[in-house]
Amino acid sequence: MMNLIPGVDATASALNAENIRMDVVAENIANAYTTHGADGQPYQRKVVSFEAMLDPAGTGQTTVQVSQVATDNTPGETIYDPSNPDANKEGMVKMPNVNLSTEMVDLMTSSRAYEANLAVIRNARQMAAKALTIGH
Amino acid sequence: MIESLFSDPNYAASKVLLDATAERHEALASNIANLETPGYKRVDLSSSFTEAFAAQVKSGQIDNIPQPTIEQDPNAGTSRQDGNNVQLDKELMAMSSNSLQYDTLTEFVSGSLKQLQMAITGKTS
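What you see is a predicted model, and the numbers here were worked out from it, not measured in a lab.

A. Quick look at the overall build of chain B. If you tally the helices and strands in chain B, you get 4 helices and 2 strands. In terms of C-alpha radius of gyration, chain B reaches 18 Å, well past the compact-globule figure of 14 Å for 125 residues. C-alpha extents for chain B along the principal axes are approximately 65 × 30 × 15 Å. Relative to its full complement of 125 residues, chain B shows a buried share of 44%. Put simply, of all contacts in chain B between residues at least 6 apart along the chain, 75% involve residues at least 24 apart. When the accessible surface of chain B is totalled, it reaches about 6900 Å², and 54% of it is carbon and sulfur.

As structure tokens, this is what we get:
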């Protein structure tokens, strides 16, 4: 079946996926200085990966979904800060592996992709509105 | 008059093209949605449809054009490092020209129907 607004399923799934990605980036930035997580270890940044899938609604469109939110296991840097409660005997503290510039770039890419998808919806809406004027 | 409007090749062609542009918009929406999906390959209207359509327009005989379908675009440029070959700028350009085409087609279909109405009622509106 054809939608009144063409392509809306693929776009909606992409908006949703970008939302999840922004959530994860927000989590990473929020925890950029968390040296003590639930497991006693510094926070490890999370990364989102996307995968394409055929629309389950049977429209034939290729939609997007978040395949997994994985943890980036590269070790963070160790800094000298003896006043930190998480410092070891030598006064060194293991920091999270969050790099603020990387996260900001991710955030911007994500919001640009979000905007691109909104442009698609806007265009589709115009087309549908135009189709309704046939004969008028 | 009614017969001649509905069998007019231009009218028949614009009806098919309206379907095709709506279908193409779905393809472009999929491409933009999958802008960052690793390994995704861009899709577009199938070449079998565009070729059949172009051939029939050339001959002026618009009948039994295949249904517009979407398939992977074999002419898409080189892919990025993650195996994805969608370029956002190109997709957005294609999308604006596609919706402009849709607008033009609706104007044409609308105009044809209005002409018919004018012929029936003798009034201009």
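B. Just the interface of chain A and chain B, in detail. Listed by partner, the interface residues are 31 residues for chain A and 27 residues for chain B. Summed over both partners, the interface of chain A with chain B comes to about 2300 Å²; 64% of that surface belongs to carbon and sulfur atoms. For the chain A face of the interface with chain B, the top three residues by lost area are M127, K130 and I134 of chain A, together amounting to 25%. Our count for the chain A to chain B interface comes out at 2 salt bridges. A salt bridge links R21 of chain A to E36 of chain B; its shortest N-O distance comes to 3.0 Å. The interface formed by chain A and chain B includes 9 residue pairs in polar contact (both at pLDDT 80 or more). Mapped onto the side of chain A that touches chain B, the elements with two or more residues apiece are α1 (8–30), β1 (46–54), β2 (62–71) and α2 (100–132) of chain A. Along the lines of polarity and charge, the residues of the side of chain A that touches chain B split into 15 nonpolar, 12 polar and 4 charged.

C. Inspection of helix α3 (residues 47–59) of chain B at higher detail. Residues and elements named next belong to chain B. Helix length check: α3 (13 residues) gives 18 Å between terminal C-alpha atoms against 18 Å at 1.5 Å per residue, within 8%. Inspection of α3 places F49, F53 and Q56 among the buried residues, and these make up the whole buried set. Along α3, the residues classed as buried sweep out an arc of 70° about the axis, all on the same side. The outward face of α3, more than 90 degrees from its buried face, is lined by the exposed residues E51, K58 and S59. In the stretch just after α3, G60 is the one whose phi turns positive, near 75°.

D. Region of the structure containing the side chain of N84 of chain B. Residue and element names in this part refer to chain B. Structurally, N84 can be placed in the loop between β2 (70–72) and α4 (88–121). A polar side-chain atom of N84 sits 3.0 Å from the main-chain carbonyl oxygen of N34. Only 3.2 Å separates the side chain of N84 from the backbone oxygen of L35, close enough to count as a polar contact.

E. Local environment of the pattern of salt bridges. All names here are of chain B. Evaluation of the coordinates by the stated rule reveals 13 salt bridges over all chains. A salt bridge links R42 to D44; the nearest nitrogen and oxygen atoms lie 3.4 Å apart. Of the two residues, R42 and D44, neither departs from the other in class, the shared state being buried. Judged by relative accessible area, which is 11%, R42 ranks as buried. Here the salt bridges share partners, and the residues they tie into one network are R24, R42, D44, D73 and E91.

F. Region of interest: the nonpolar core. Core analysis: the biggest nonpolar cluster contains 19 residues, and F49, F53 and I65 of chain B have the highest contact counts within it. Looking at this core, the element that brings in the most residues is helix α2 (residues 9–33) of chain B, giving 8 residues.

What counts as what
- Residues numbered from 1 in each chain as written.
- Chains lettered and ligands numbered in written order.
- Predicted model: local features only at pLDDT ≥ 70, side-chain atom pairs only at ≥ 80, totals over all residues.
- Heavy atoms only, no water.
- Helix = DSSP H or I, 4+ residues; strand = E, 2+ residues; numbered from the N terminus.
- Rg over C-alpha atoms; globule rule 2.2 N^0.38 Å.
- Buried < 20%, exposed > 50% of the residue type's maximum accessible area, 1.4 Å probe, protein only.
- Contact = heavy atoms within 4.5 Å.
- Areas by Shrake-Rupley, 256 points an atom, 1.4 Å probe, with all protein chains shown as cover.
- Buried area = accessible area lost by both parts, 1.4 Å probe.
- Salt bridge = Lys/Arg side-chain N within 4 Å of Asp/Glu carboxyl O.
- Polar contact = N/O pair within 3.5 Å; in protein donor to acceptor, adjacent residues only side chain to side chain.
- Nonpolar A, V, L, I, M, F, W, Y, C, P; charged D, E, K, R; others polar.
- Expected span 1.5 Å × (residues − 1).
- Arc of directions from axis to C-beta.
- Core = buried A, V, L, I, M, F, W, Y, C linked by side-chain atoms within 4.5 Å.

Geometric values such as these leave the question of function open.
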